[in-house]
Amino acid sequence: MTFWSRCPSSLKNICRGAGLLLLAGCAPAATEFEPAAPPPMDAVLLEQSLNLAARAISEDRSEDAVQILERVLVSFPEHAEARLLLAEAALAGGDVPGALNRFQALVEVDEVRIRALQGKGIALLLIGDGDTGARSLQDAVAEAPGLWRAWNALGAHHDGQQNWVAAEDAYDQALAVKQDSALVYNNRGFHFLLRRRMQPAIADFSRALELSPDFDAAERNLRIALAWAGRYDSAVAGAQDGDLPEVLNNAGYIATLRGDFIDAESLLLRSIEADYGFNRTARRNFDYMEGVKAERPTAPPAAVGLIEVE
């Protein structure tokens, strides 16, 4: 459902932070050029490490996940789940080509094949190979319909193709599995926004913010949807001082596109007044509004209700 700049380092010492007490009669200490290897893992520590890595990925701590997984792979170099999680950590950290290579190497490993197809498909979409990525995702959900991330990615792909019916169905499939996903609600809301279906867009963005109050993209999208619905006061309500110039500018630009020139003029002037550092963008949009207004000297009345474009 940003998407994409940090790269985890594979060069960090996997023993960082480990305190080693060396006693007489033990093996000699490693030199500074040969870091001491961690002790072998047992099954309990392995499971704990994999759980910690998965949690780190879910909490956007991909570098922590990489360190944990590299330690696991010292003892279990061919462990399929650890290798899959390392690919997921690379994807979450923004190393999309690296993640793609790791997922590709796992699509023949039965234990993780379907999830590797999901990861491969998402990575391919991110590098712009939509058709191949979509095929990989379709193969994944054909065998495992519960892969909500694959459905979400398919929704985004179909939106890019303007295949609205398939996109909406894919988002619905994702939400049937993951009912508390703010990401999917935001993406489905953006789908409705693209189609100018403002009522469901507003509902989905609002739901995304209920689930994740700090979801900046969903808040921005909600304001845009409210402006497209002609609800300009709601679109700018509660904007923080640092965001206010941009919020006012966006609402004013949308009001221009809707032909609501009185509202557009007011919003754009407020944007200019709110921050002269933002003056150039808002001023350019104000000049554009004046030009459009000159071609249509009598502005049409504001639309009643919501704009629906099927």
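Heads up: the structure comes first, above all this text.
From a predicted model like this one, the values you see are computed outputs, not experimental measurements.

1. Observations concerning the packing of helix α1 (residues 43-58) against helix α3 (residues 80-92)
In helix packing, the relevant descriptors are the interaxial angle and the interaxial distance, both defined with respect to the helix axes. Across the interface, α1 lies against α3 with an axial gap of 10 Å and an inter-helix angle of 20°. Between α1 and α3, the interaxial angle falls into the category roughly parallel. Note that α1 runs across α3; the crossing there is left-handed. For the pair α1 and α3, contact is made by L50, A53, A54 and I57 and by E81, A82, L85, E88, A89 and A92, respectively.

2. Topic: the pattern of salt bridges
Taken as a whole, this structure holds 17 salt bridges when the rule is applied. Linking E78 and R83 is a salt bridge whose minimum nitrogen-to-oxygen distance equals 3.5 Å. For E78, a relative accessible area of 62% gives the class exposed. Here K293 makes a salt bridge to E265, at a shortest N to O gap of 3.6 Å. Taken together, the residues K293 in helix α15 (residues 279-295) and E265 in helix α14 (residues 261-274) connect sequence positions 28 residues apart. Here K293 falls in the partly exposed class, since its relative accessible area comes to 29%. For E265, a relative accessible area of 28% translates into the label partly exposed. If you follow the salt bridges from partner to partner, you end up with R55, E59, R61 and D64 in one network.

3. Some points on the environment of N186
By secondary structure assignment, the location of N186 is in helix α9 (residues 182-194). Spatially, the C-alpha atoms of N186 and A201 are 8.5 Å apart, while their sequence positions differ by 15 residues. If we ignore the near neighbours within four places in the chain, the residues touching N186 are F205, A208, F215, A217, A218 and N221.

4. A word on helix α2 (residues 62-75)
Taking 1.5 Å per residue as the helical rise, α2 with its 14 residues ought to reach 20 Å, and the 21 Å between its terminal C-alpha atoms agrees with that figure. Turning to α2, its buried residues number three or more, namely S62, A65, V66, Q67, I68, L69, E70, V72 and L73. Buried residues belonging to α2 abut α1 and α3.

5. Thoughts on the nonpolar core
Membership of the largest hydrophobic core comes to 69 residues, with the highest contact counts inside it found for L91, L154, L193, A225 and L267. Contact partners of A225, with chain neighbours within four places excluded, come to L193, M198, A201, I202 and F205. With 15 residues, the next largest nonpolar core counts L46, L73, A82 and A89 among its residues.

6. Digging into the packing of α14 against α15
Put simply, α14 and α15 touch, their axes get as near as 9 Å, and they point 160° apart. Classed by the angle they form, the pair α14 and α15 counts as roughly antiparallel. Where α14 crosses over α15, the two elements pack in a sense that is left-handed. Seen from α14, the contacting residues are F261, A264, E265, L268, L269, S271 and I272; seen from α15, they are N279, A282, R283, N285, F286, M289, V292 and K293. Its residues assigned to classes, the contact of α14 with α15 shows nine nonpolar, three polar and three charged.

7. Points about the side chain of H157
Looking at the secondary structure, you find H157 in helix α7 (residues 148-160). Sequence-distant contacts of H157, that is, excluding residues within four places in its chain, are made with L125, G130, D131 and A134.

8. Description of the environment of F205
With respect to the element layout, F205 can be found in helix α10 (residues 198-211). By relative accessible area, which is 0% here, F205 ends up buried. Setting aside residues up to four positions removed in sequence, F205 forms contacts with N186, G189, F190, L193, A218, N221, L222 and A225.

The rules behind each value
- Residues numbered from 1 in each chain as written.
- Predicted model: local features only at pLDDT ≥ 70, side-chain atom pairs only at ≥ 80, totals over all residues.
- Heavy atoms only, no water.
- Axes fitted to C-alpha atoms, helices over the stretch in contact; angles between N-to-C directions.
- Helix = DSSP H or I, 4+ residues; strand = E, 2+ residues; numbered from the N terminus.
- Parallel < 35°, antiparallel > 145°, perpendicular 65-115°, else oblique.
- Left-handed = near helix turned anticlockwise from the far one by under 90°.
- Contact = heavy atoms within 4.5 Å.
- Salt bridge = Lys/Arg side-chain N within 4 Å of Asp/Glu carboxyl O.
- Buried < 20%, exposed > 50% of the residue type's maximum accessible area, 1.4 Å probe, protein only.
- Expected span 1.5 Å × (residues − 1).
- Core = buried A, V, L, I, M, F, W, Y, C linked by side-chain atoms within 4.5 Å.
- Nonpolar A, V, L, I, M, F, W, Y, C, P; charged D, E, K, R; others polar.

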